[in-house]
Amino acid sequence: MDSPILLLLARLVALVQCFHDDYHSHNSTRHHDYCVLGAGPAGLQMEYIILERNSGPGSFFNIYPRHRKLISINKIYTGRRNREFNLRHDWNSLLSDRPDLLLQRVSRELYPDADSFPRYLSMYVKELGLKVQYGVDIGKIRASESESPRGRGYILTDQRGLDYTCRVLLVSTGLWDPQKVQFEGSDLVEGYESIPVDPEEYKDQAVLILGKGNSAFETAQSILGRASRIHLYSPSPVRLAWQTHYVGDLRAVNNELLDTYQLKSLDGLVEGGLEDIAIVRNGEDEKKRSGRKKKCRSSGKDKRGKLFLTLAELLDSLDGKNSSKVTATNLPVYHNDNFSLRQPYDRVIRCLGFRFNFSIFDGSARPPSSEGARGRLPGVTAWYEGRGTPDLFVLGTAAHSRDYRSSAGGFIHGFRYTVRAVHRVLELRYHSNSWPAIKLSISQLQSWLLRRVNEASGPYQMFGVLGDIILLRGSHCEYLEEFPLQALPQFSSLSGHQLSKHGLLVLVLQYGLNRTDSLGPGRAESEWTRAWRSNFLHPVLYYYDKLPTERDMRHRPVGWPLPRPKAVHHMIEDFLTEWDGPISHSQPLRRFLEHCLHTDLRAFYAESCFRLSLTNRKPPLFCRQGYLRKHGIVRNSQLWQHAHEAGLMPGGQDSASTDTDPAFPNYLTRAGASVSSAINLDF
């Protein structure tokens, strides 16, 4: 008798314990110093806990682009083996300490299939051992009510009611919400996010597409061989990326419709406002519809009647935005009998891009809308912290408001560098680790600058936004890479480095301000004395004797990334983007540096240094820091081996090489003998 009772009691105890554990698992709070929201390409570069609502990384790319072809370049063959240089032409791979962790392991196509990118991200997560929690759908974000000494923090609540508290929140959710415009008849419009992608669905149909961006042209291109005519309508004329240098504008890979438009083959582009239009359906009576049923079935056209575009002000007075009240009886006569869009359409498709999802933030944690980009993006500081939301940083595409339509911060090949910049800001703010800096002798500065302008991918991709900062310290300098230029007034608090009385140099890559025909004659400047007139991407050096202020930044000349400096130097644009010419590039750069540093930076042979040391109380800097310290051209292992085998250097002299000088560590060997490009034979 006792045995069944004991068994029942045991089961009840187990059931209560299970309920207790389940209750706590669903109502407990998980604490993290850092939370990354979203396992897209921006979030994965932050090696903290990552919360992702879907079952894998990069889920956006499982759906978009709808027609499954990326427009980001995957150029595998560049003729170089330099990884940093090759990233200039690899627009998809993320940054890591693994040089082989590149998209080319998944796809060898110049424009990869969209499905290859989630596979690449999965490989990235697995091989780096990233901590991603899938299936966590955060529906509410609020600031912590009580401010602790560590900061106020944020509380994230998921679909199960589980809370995550984070001292620092990094939002990398991207842009998911389709951008919509409300107008009369907007309920008759199909969205890019849900249209059929089979071209046969559009056979012999007239299609009106709202928008003229890449999604609009991508859609048009996919149905170009099936639709009877395609018209694209938006407020602005089409902007071509090869003219504007902005990769978010129309790319050539999607622009075949421009041919059919300009060569008179039924397709076309029209400009007009979206808020002022109306889409109405020409209602047909049942008899007419039934008479056309057979034809409609064979052609695949919509049986519900044609769609017409008109102006809302020409419609009869209607309440609300519901097009169901519009019929053929109140369809207005067009004000112009040659109105461009007077013919009816079978389909109207909205392709207006995406916007940031603000709805998951409550008032205490919601970043403001950006002033630009039609308010689609959150407003952030120059170091990507939400305005009015301390310790909440926005990463990736959503942070594009800082350089909207001016650089590549909304795209992987751009924001992979801004994400790294945010990481460096966090390292100083929360761990007292200063921005990484390289200590260089002034005599090596020119060589290092030439190396950076010819190899560096960060300033090359994020032109005008990220730049290298050179802190001048007299006989040496500190070199900081890829600092956000607009944050220069806050340089010391963000980097942990102080400015000296010698001032600083800023290296930026930028396009010229002269608006020229990108393919016309005279589009490029080749004379180095007119480098300031360069139109294409080229390096520019700014010299300041003190940090620019916030006011200086606000009042900088239109189109300039920085305020007016004490001195500025443009390196002439180069067709090959190789700034290594002794006369066109190296010599003008050296003279500019000498002007700013008040120092002779010429390089000399040993014989010249010997003569100058005997005849001058103060030999040139190159001789003082090199020859008189038994240092010559910065060596690498191949040069040393060659000299040693030739008997030019005894074995004991190795101890005097630059490799053993703690002030100049091994990074100098990467410059090799590049200093020779600065040698001037004008003794």
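Check the entry above for the structure.
Quantities reported herein were computed from a predicted structural model and do not represent experimental measurements. (Residues numbered from 1 in each chain as written. Predicted model: local features only at pLDDT ≥ 70, side-chain atom pairs only at ≥ 80, totals over all residues. Heavy atoms only, no water.)

**Remarks on the overall build of the protein chain**
Applicable threshold: Here a strand is any run of E in DSSP of at least two residues, a helix any run of H or I of at least four, and the numbering for each starts at the N terminus. The rule is simple: take the accessible area with a 1.4 Å probe, protein chains only, and divide by the maximum for that residue type; under 20% is buried, over 50% is exposed, in between is partly exposed. Whether two residues touch is decided by their heavy atoms; if any such pair falls within 4.5 Å, the residues are in contact. Each accessible area is a Shrake-Rupley estimate made with a 1.4 Å probe; only the visible protein chains count as cover when residues are assessed.
Counting its regular elements, the protein chain contains 16 helices and 22 strands. For the protein chain, the residues scored as buried account for 51% of the 683 residues in total. Across the protein chain, the fraction of contacts at a sequence separation of at least 24, relative to all contacts at a separation of at least 6, is 68%. Total accessible area on the protein chain stands at roughly 33400 Å², and carbon and sulfur atoms take up 51% of it.

**Quick look at the nonpolar core**
Generally speaking, soluble globular proteins have nonpolar side chains that are buried together. Threshold: Only buried Ala, Val, Leu, Ile, Met, Phe, Trp, Tyr and Cys residues count toward a nonpolar core, and they belong to the same one when joined by side-chain atoms within 4.5 Å.
One finds Leu 44, Ile 141, Leu 156, Leu 170, Leu 426 and Val 506 to be the most contacted residues of the largest nonpolar core, which totals 113 residues. In terms of residue count, the dominant contributor to this core is helix H8 (residues 412-431) (nine residues). Apart from the residues within four sequence positions on either side, Ile 141 is in contact with Leu 37, Tyr 154, Ile 155, Leu 156, Leu 169, Ile 360, Phe 361, Asp 362 and Ala 365. One finds Ile 442, Leu 445, Met 571 and Phe 592 within the second-largest nonpolar core, a separate group that totals 26 residues.

**Comments concerning the sheet that holds strand E8 (residues 190-191)**
Spelled out, the test is: Two strands qualify as a pair provided DSSP detects at least 2 bridges between them.
Pairing in this open sheet of five strands is parallel, and the strands run E8-E14-E9-E10-E11 from one edge to the other. The open sheet has two free edges, formed respectively by E8 and strand E11 (268-271), since each of these has just one partner strand. Sheet topology note: the strand E9 (residues 206-210)/strand E14 (residues 347-350) ladder contains four bridges and is parallel. Considered in E14, the bridge of Ile 209 is made with Ile 349.

**Section: the packing of aromatic side chains**
Note the threshold: Two rings belonging to Phe, Tyr or Trp (six-membered ring only in the last case) form a pair when the distance between their centres is within 6.5 Å. Interplanar angles under 30 degrees mark stacking, angles over 60 mark edge-to-face geometry, and anything in between is tilted. For a ring to carry a charge above it, either NZ of a lysine or CZ of an arginine must fall within 6 Å of the ring centroid while also lying within 35 degrees of the normal to the ring plane.
Per the stated rule, a full pass over the model turns up 23 aromatic pairs. Ring centres 6.5 Å apart and planes at 65° place the aromatic pair Tyr 542 and Trp 560 in the edge-to-face group. Placement of the pair is Tyr 542 in strand E21 (residues 538-544) and Trp 560 in the loop between helix H12 (550-554) and strand E22 (567-570), with a sequence separation of 18 residues. A relative accessible area of 2% places Tyr 542 in the buried class. Under the relative-accessibility criterion, Trp 560 is labelled partly exposed at 23%. Positioned over the ring face of Tyr 345 is Arg 229, at 5.1 Å from the centre of the ring.

**Overview of the sheet that holds strand E20 (residues 504-510)**
Convention followed: To get an axis, a line is fitted to the C-alpha atoms, and for a helix only the part in contact is used. The angle between two axes follows their N-to-C directions and goes from 0 to 180 degrees.
Strand order in this open sheet of six strands is E17-E19-E18-E20-E21-E22, and the pairing throughout is antiparallel. Edge positions in the sheet fall to strand E17 (437-441) and E22, since each has one partner strand and no second. Across this sheet, the average inter-strand angle for adjacent strands is 20°, counted without regard to direction. Looking at chain direction, E17 and strand E19 (residues 476-484) are connected through five bridges and run antiparallel. Bridge pairing in E19 links Leu 440 to Cys 477. Those strands touched by H8 are strand E18 (466-472) and E19, and its axis lies near 120° from that of E19. Here helix H9 (residues 442-455) sits on the sheet and contacts E17, E18, E19, E20 and E21; the angle it forms with E19, its principal contact strand, is near 25°.

**With respect to H8**
Quick note on the threshold: Every helix has an expected span of 1.5 Å times one less than the residues it contains.
In this model H8 runs 27 Å from its N-terminal to its C-terminal C-alpha over 20 residues, within 8% of the 28 Å that 1.5 Å per residue would give. Remark: Ser 432 follows H8 within two positions and exhibits a positive phi of approximately 60°.

**Quick look at the environment of Leu 628**
Assignment of secondary structure puts Leu 628 in the loop between helix H15 (621-625) and helix H16 (637-645). In this structure, the C-alpha to C-alpha distance between Leu 628 and Ser 613, residues 15 residues apart in sequence, is 8.3 Å. Among residues more than four places away in sequence, those in contact with Leu 628 are Ser 613, Pro 619 and Cys 623.

**A few points about a nonpolar patch on the surface**
So the rule is basically this: Excluding any residue in a salt bridge, patches collect residues exceeding 30% relative accessible area, merging like charges within 9 Å and nonpolar Val, Leu, Ile, Met, Phe, Trp and Tyr side chains within 5 Å. Salt bridges, as used here, are contacts in which a Lys or Arg side-chain nitrogen is within 4 Å of a carboxyl oxygen on Asp or Glu.
Side chains of Phe 610, Leu 614, Tyr 627 and Leu 628 sit close together on the surface and give an oily, nonpolar patch of about 410 Å² of accessible area. If you trace the backbone, Tyr 627 turns up in the loop between H15 and H16. Given a relative accessible area of 31%, Tyr 627 falls into the partly exposed group.

**Some details on unusual backbone geometry**
Where the residue is not glycine, phi is negative for most of them; where a peptide bond is considered, it is trans in most cases. The omega torsion across Tyr 64 and Pro 65 is -10°, close enough to zero to call that bond cis. Among the secondary structure elements, Pro 65 is positioned in the loop between strand E2 (49-52) and helix H2 (83-86). Backbone geometry at Ala 373 places phi at a positive 55°, although glycine is not the residue there. For Ala 373, the position within the fold is in the loop between strand E15 (354-355) and strand E16 (392-394). According to the relative accessible area criterion, Ala 373 is buried, its value standing at 7%.

**Overview of the pattern of salt bridges**
Within this structure, the stated rule accounts for 27 salt bridges. Residues joined in a network through salt bridges with shared partners are Arg 420, Arg 452, Asp 468, Glu 481 and Glu 482.

**As for the side chain of Gln 221**
Worth spelling out the cut-off: Under this definition, polar contacts are N or O atom pairs within 3.5 Å; protein pairs additionally need one hydrogen-donor-capable and one acceptor-capable atom, and for neighbouring residues in sequence, both atoms have to be side-chain atoms.
Its location among the elements puts Gln 221 in helix H4 (residues 214-223). Within polar-contact distance, the side chain of Gln 221 engages the backbone oxygen of Val 253 at 3.0 Å. Among residues more than four places away in sequence, those in contact with Gln 221 are Val 253, Asn 254, Asn 255 and Glu 256.

**As for the state of the cysteines**
Working definition of a disulfide: a covalent bond connecting the sulfur atoms of two cysteines. Our working rule: Cysteine sulfur atoms are paired as a disulfide whenever they come within 2.5 Å of each other.
One pass over the structure, following the stated rule, counts two disulfides. Each sulfur of the disulfide joining Cys 35 and Cys 166 lies 1.9 Å from the other. Residues Cys 35 and Cys 166 are joined by a disulfide whose S-S torsion is about -80°; by sign, that bridge is left-handed. Residue Cys 35 is found in strand E1 (residues 29-37), and its partner Cys 166 is found in strand E6 (residues 163-171); the two are separated by 131 residues along the sequence. When sorted by exposure, Cys 35 lands in the same class as Cys 166, which is buried. Once the bonded cysteines of the protein chain are numbered in order along the sequence, the disulfide links fall as 1-2, 3-4.

**Observations concerning the side chain of Asn 254**
Its location among the elements puts Asn 254 in the loop between helix H5 (241-244) and helix H6 (256-262). Ignoring sequence-local partners within four residues, the contact set of Asn 254 consists of Ile 71, Asn 214, Phe 217, Glu 218 and Gln 221.

**What about the packing of H9 against helix H13 (residues 582-597)?**
Applicable threshold: Between 65 and 115 degrees an angle is taken as roughly perpendicular, under 35 as roughly parallel, over 145 as roughly antiparallel, and anywhere else as oblique. The hand of a helix crossing depends on one turn: near helix anticlockwise from the far one by less than a right angle means left-handed, and clockwise means right-handed. Amino acid classes used here: Ala, Val, Leu, Ile, Met, Phe, Trp, Tyr, Cys and Pro are nonpolar; Asp, Glu, Lys and Arg are charged; the rest, including Gly, are polar.
Where H9 meets H13, the axes come as close as 11 Å, and the angle between the chain directions of the two elements is 140°. Compared by their axis directions, H9 and H13 come out oblique. Considering how the two elements wind past one another, H9 and H13 form a crossing that is right-handed. For the pair H9 and H13, contact is made by Ile 442, Leu 445, Gln 446, Leu 449 and Leu 450 and by Ser 586, Leu 589, Arg 590, Leu 593 and Leu 597, respectively. Taken together, the residues that form the contact of H9 with H13 break down as seven nonpolar, two polar and one charged.

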